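# Summary of structural features
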Amino acid sequence: MSGGSKSLFRSGINFLELFKAAPRSAQLMVIFGGILDLILVIFIIFGPNIVPYDPLAMDHETLLPPSKTNFMGTDNLGRDLFSRLVVASRYSLGISLIAVGVSLVIGLVLGSASGFFGGTLDRILMLFMDALYIFPSFIYVLIMVVVLGPGLWQTALAISIGRIPYNFRLIRSLTISVKERGFIEAERVIGADNWHIIRHHIAPYYISILFVTISLGMARGTLAIAGLGFLGLGVPPPTPEWGTDLASGRAFLLSGRWWLVVFPGLFVLIAMLGFNLLSEGLDTVMNPTVRRLK
Amino acid sequence: MSLLKVNNLKTHFFTPFGTVRAVDDISFEMESSVALGLAGESGCGKTTAAYSLMNLVPLPGRIVGGQINFKGKNIVEYNETQLRDIRWKEISMVFQGAMASLNPLYTIGDQISEPIIYHEDADKKEGWKRAEELLELVGIEAARVDNYPWELSGGMRQRAMIAMALACNPSLLIADEPTTALDVIVSAQVMDLIKNLRKKLDLSMLLITHDISVIAQTCDELAIMYAGKLVEKTDVPTIFKTPLHPYSNALIKAFPNIKGKKKKLSSIPGSPIDLIAPPLGCRFAPRCPFAQPLCLEDEPILDQIEKNHFVACHFWEDIQSKR
Amino acid sequence: MGGYSVEAVKTMEKTPVIRVKNLSKWFEIRESFLESIFSKKKRHLKAVDDISFDIYEGEIFGLVGESGCGKTTTGRLIMHTIKPTSGQVFYKDKDLALIKDKVELKKLALELQMIFQDPYEYLSPWLTIKDTLAEPLRIHNLVETPEEELEMVKEVMEVVGLTPVEMILPKYSYQLSGGQRQRVVITRALLLKPSFLVADEPVSMLDVSIRLGILNLLLDLKEKLELTSLFITHDIAVSRYMCDRIGVMYLGKIVELGPTETIIENPTHPYTQALIAAVPVPDPEINPSEIPIKGRIPSNALDLPPGCRFSSRCPHVLDKCIEIEPNLVEIGKDHSVSCHLVN
């Protein structure tokens, strides 16, 4: 008998019900952030198809200000900035997504083991993660980039390392708080083994924080990639990327070509705004304080 | 003039799931120097009624109708300043679960003297002296006035709360489940203390509890609430001898006895109702062994059948005669 | 018959289902870093200290005491969810501590089950009632088909009075009332057809009008299923209603042990006397008696005096009591007391 594997998805929590019960501010955050994120998703999937020009083609006059033909102007190599930045979503966000995925899986495995089993394993992992947590995660990202070298996958891996201590702690404390609940003790009395308990009774809690964790991770990740790009350590040229484009645009700022800095920055801003709003709104919606009446 | 006269009090909670009619039109009167027990199960509205008396109903609730006449004045209409004048000075409260109600950052001396300093314009020295006196009154050594709440045991914290409630010599003391969180023996000692204090200070008391036995031992009158309504009110000896409302009867008989012969008791079927959409008619009808078709359609009003006996039941006479 | 029911006499002649021998559970107190360097002695919270009793087949045995007396810990020691510091728990003559094999331990769930105090905490908020109830059957592979599973669940729901069945199955625990949830907990325990049930304060968190329903249900189950139970409670009046025999506990020790009616009619240990005197009686004509207990601060299980644990509050305390701990001594047929006064 499968032991009720369907139960994970037939969750007791109905999203629509929760959304309706949430305060107006949270609802707006979810909607607004969601719309922004949806736009970004469209850029990621359909980017190359919807942009007016080839992002790599140096067909235009260089350093043109925004106009009707070049919506956001052109860069110093004659490439249309708007097309570049839209397609760059794939790289700036795509890498972030991979990084979030990897760090989430590792954080989940280590955090749940540490929280559930405790003991020496927990103490060792906590010491290790606490040590990592002392420094800003960006430092680890930089170290990994230097070690691994340039490239898309390398960047993704570097950023994921930076996020692991945070995910580890999050999952670990969640696991510990659930582990002490009464219904877990009831499971042991019924004769359930550890694996059954984790799979059917602790996992739903992980899922409830999944969306928020991903959104937040995407925000941080995007910022990290842009930061790397800005430092010249990100994706190698000529791949369009918001941070790299912003960095190269810096040189032209003083001569009045503001669009080369403002628009890449704007894309980063919109991405960050979208993810942060969505994650904060979702957090409030998924964790109501007055959940039931009785 | 009676000390407290409540007329048609209604307190509702406005939640996203609907309006919870926690207290739905209750009326009763209380004289000075009397101890009235307000009994009922969780969700019946007794705690909300108590908080309404001090106009302290937490959001999303508020008093939506009726009057609370305290010493002749309707305090439902009072503004915050007027309310502040009577809170603690005239009406004070001992809350359930003393640990949650005492501030862990301040000594109990601070907490007891605070209302005294505020209401009676006393200075800190006088306030503390009074605090020490009050502690002695409730059976805690005066030296403990410097203690923090976590340094006291559960029973002592409850006593400290009682001292705090008596700080400004109120006319009415409301005690909300004062012994629920306590062990049997400590709880008995606290109730004993309350009884003695009442005698000593000639204090009027409203005791809120689900435990009828406690009311039997300490109160003069008893009012029973069910699903936001008052179903019966009379003096204690009468209600234990001849409970008229079927719910009162069932509630009184629901306690396994320790003295006398062992009896098999019968339970009340069903469960308490939903206060968002209460049924038409008598709210107890779905669980009442004597329910008739009329009970499901027509809500009984609280009838005064004797000077101090009120019942809300269509068929109390028939039920009475059959017993 | 001297306070025993016919059943009580019958059970005493049978072998015990549960035998507890010199059972102790001490919890180590974590000290501050400095203390752990400078002081050699380790401090222990002696939650359960050298207790022994038997539970006979078909009876409801009660453990009565206030919070901190060790009754809940004892329940968990018997269920073997926590391991004893010393002493043994025998189930049908098998020492539970000796069962190391995982498969054997899992099978224990089919014999020993437990129901808990808090019906709100002890049910998962994520599963429907149907899944919650089916879970034990699935864990132990007790049924072959989903139809069989549903049959069994419905059957036990009817026995426990968790009706209407069709309406309740698809609901989630937060949609049920306290009484219904407790019935779910009971149903779940019974689905494994255990021979022994530990009930840890099953009605303390329920409304008064609901309590009797659950209590009467448990009494019914005792008759119908011949279930042996350990009933843990702080309310001695409830223990009188439910239990055939009781053990009164104080700070980790059993101070009085025997048939319920005997103890209620003739409480011998001063603590039992105080406990009974403290119970409020729902009868205004009876004046509450003076509670025979000294002082207001109950002792805790941390810094215990060398002698009797009740000595600091006992109205009849002798010098001997403070120095030497009394033993559980039989004073009547199956009635034991742990008090120097009795000797």
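The following refers to the structure shown. Along each chain, the written sequence defines residue order, and numbers are assigned to residues from 1. Chain letters start at A and ligand numbers start at 1, both assigned in the order the entries are written. For a predicted model such as this one, the threshold for reporting local features is a pLDDT of at least 70, and the threshold for listing and counting side-chain atom pairs is 80 or more; totals across whole chains, interfaces and linings nevertheless cover every residue.

Residues and elements named next belong to chain B. If you trace the four strands from one edge of the open sheet to the other, you get β2-β1-β4-β5, paired in antiparallel fashion. Of all strands in the sheet, those with a lone pairing partner are β2 (18-30) and β5 (73-74), marking the two edges. In terms of strand pairing, strand β1 (residues 4-15) meets β2 through nine bridges, oriented antiparallel. Of the residues in β2, the one forming a bridge with Leu9 is Ile26. Sheet strands touched by helix α1 (residues 46-53): β1, β2 and β4 (61-70). Its angle to β2, the strand with the most contacts, is close to 70°. Pairing between two strands is assigned when DSSP locates at least 2 bridges connecting them. What counts as a helix is a DSSP run of H or I of at least four residues, what counts as a strand is a run of E of at least two, and both are numbered from the N terminus. Contact between residues is assigned whenever the C-beta positions, reconstructed from backbone atoms, fall within 7 Å. An axis is simply a line fitted to the C-alpha atoms; with a helix, the fit covers only the stretch in contact. Between two such axes, the angle follows the N-to-C directions and lies from 0 to 180 degrees.

The next thing to look at is the environment of B:Gln320. When you line up the elements, B:Gln320 lands in helix α12 (residues 316-322). When the C-alpha atoms of B:Gln320 and B:Thr242 are compared, they prove to be 8.4 Å apart, with 78 residues separating the residues in sequence.

All right, on to the interface of chain C and chain B then. Listed by partner, the interface residues are 36 residues for chain C and 36 residues for chain B. The biggest single contributor to the side of chain C that touches chain B is helix α9 (residues 208-225) of chain C, with seven residues.

All right, on to the interface of chain C and chain A then. The partner chain A presents 20 residues to the 25 residues of chain C that form the contact. Counting only elements with at least two residues in the side of chain C that touches chain A, the list comes to β6 (112-115) and α5 (129-139) of chain C. Of the residues forming the side of chain C that touches chain A, the biggest block, six residues, is contributed by α5(C). Taken together, the residues of the side of chain C that touches chain A sort by class into 14 nonpolar, five polar and six charged. Residues are grouped as follows: Ala, Val, Leu, Ile, Met, Phe, Trp, Tyr, Cys and Pro are nonpolar; Asp, Glu, Lys and Arg are charged; every other residue, Gly included, is polar.

Where strands meet in a sheet, backbone hydrogen bonds hold them as pairs that are either parallel or antiparallel. Residues and elements named next belong to chain C. Read across the open sheet, the four strands follow the order β2-β1-β4-β5; overall the sheet is antiparallel. Each of the sheet's edge strands pairs with one partner strand only, and the pair in question is β2 (44-56) and β5 (94-95). The pairing of strand β4 (residues 86-91) with β5 spans two bridges and is antiparallel. Within the sheet, the bridge partner assigned to Phe90 lies in β5 and is Asp95.

Without other data, these values stay purely geometric and don't point to any function.
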